[in-house]
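Coordinates in review
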Amino acid sequence: MSIAQFVDNSQQAGSLDELRALLVEEARAHGFDYTVYCQVSRYQASGDPASLVPVSTLPDVWVAHYLRNGYSDIDPVIHRARHTARPFLWRDVWEADLLRKQKDLREESAMMGLRSGVTVPLFGPGGQAALLSVSGADAEAERPDVARAIGAIGMQFQLVYQELAQEGGGDTVPAFVPLTPREREVLLWTARGKSNWDISQILSVSESAVNFHITNAMRKLEASSRVLAVLKAIRHGLIIP
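How each quantity is defined
- Residues numbered from 1 in each chain as written.
- Predicted model: local features only at pLDDT ≥ 70, side-chain atom pairs only at ≥ 80, totals over all residues.
- Heavy atoms only, no water.
- Buried < 20%, exposed > 50% of the residue type's maximum accessible area, 1.4 Å probe, protein only.
- Helix = DSSP H or I, 4+ residues; strand = E, 2+ residues; numbered from the N terminus.
- Pairing = 2+ DSSP bridges.
- Salt bridge = Lys/Arg side-chain N within 4 Å of Asp/Glu carboxyl O.
- Core = buried A, V, L, I, M, F, W, Y, C linked by side-chain atoms within 4.5 Å.
- Contact = heavy atoms within 4.5 Å.

**Side note on the pairing of strand S1 (residues 34–38)**
Burial runs high along S1: five of the five residues are buried. By the bridge criterion, five bridges tie S1 to strand S5 (residues 129–136) in an arrangement that is antiparallel. Residue pairing in the sheet places Thr 35 in a bridge with Val 134 of S5. Pairing between S1 and strand S2 (residues 55–56): two bridges, direction antiparallel. Its bridge partner being in S2, Tyr 37 is matched across the sheet by Val 55.

**Quick word on the pattern of salt bridges**
Taken as a whole, this structure holds six salt bridges when the rule is applied. Note that Lys 220 and Glu 183 form a salt bridge whose closest N and O atoms lie 2.9 Å from each other. In this pair, Lys 220 is assigned in helix H11 (residues 207–221) and Glu 183 in helix H9 (residues 181–191), connecting sequence segments 37 residues apart. Among the charged side chains, a salt-bridge network with shared partners connects Arg 100, Asp 104 and Glu 107.

**Comments concerning the nonpolar core**
In globular proteins that are soluble, nonpolar side chains generally tend to be buried together. If you look at the biggest cluster of nonpolar residues, it comprises 25 residues, and the most contacted ones within it are Tyr 37, Val 118, Leu 132, Val 134, Ile 150 and Phe 157. Mapped by element, the contributors of at least two residues to this core are helix H2 (16–29), strand S4 (116–123), S5 and helix H8 (144–165). Sort the elements by how many residues they give to this core and H8 lands first, with seven residues. Every residue in contact with Val 134, bar those within four places of it in the chain, is listed here: Ala 27, Phe 32, Tyr 34, Thr 35, Trp 90, Ser 116, Gly 117, Val 118 and Ile 150. With 22 residues, the next largest nonpolar core counts Val 7, Leu 179, Leu 228 and Ala 233 among its residues.

And the structure:
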């Protein structure tokens, strides 16, 4: 399933359960057996553990072992997620210098089939913070292009999840966003994976001009990143990748 297809399918989801199933299916299509979506800020506000993890396909025995050993306090994946806004590969974390207990966590995770993964820090209106992690035993699934795809899917999932759960106050993007033809062009090529330099060559303009148009489109779409701008443009029919 392409990102555009996931956007379309998630928009048609009639319930949280249906949306969760789409996310899990998409993670498996990218080679990851396990999916976890954590609502960090909602848990901090309510203190209700049930609100922390609305999506998890992890084995119950692993979750119990993880909590019993207090691994959340020393998990380097969680630590990294607190200090970055970008999707990242687990291998970039596990290959760093680790404490003895962190090495134990790495080895035990691998034994449970959680050898490779991608984590996506997610942010929403009102300072909301969440986390999407997908993982599995297939090391070949852990690639930069897959991390970018999971990042876009995670952003879209959070947008629709908030709407269905009525957490985000609804979509704040107006029904009509007056993007210029050039702004649509640069977003379209961005959606197709092109860099600013690539787009400048395709459109025969400077890189600074490309960045100017992307920045304007992000402002009009009320998007904090170009990935989110692309997702919102797709959702509102402004571009078709």
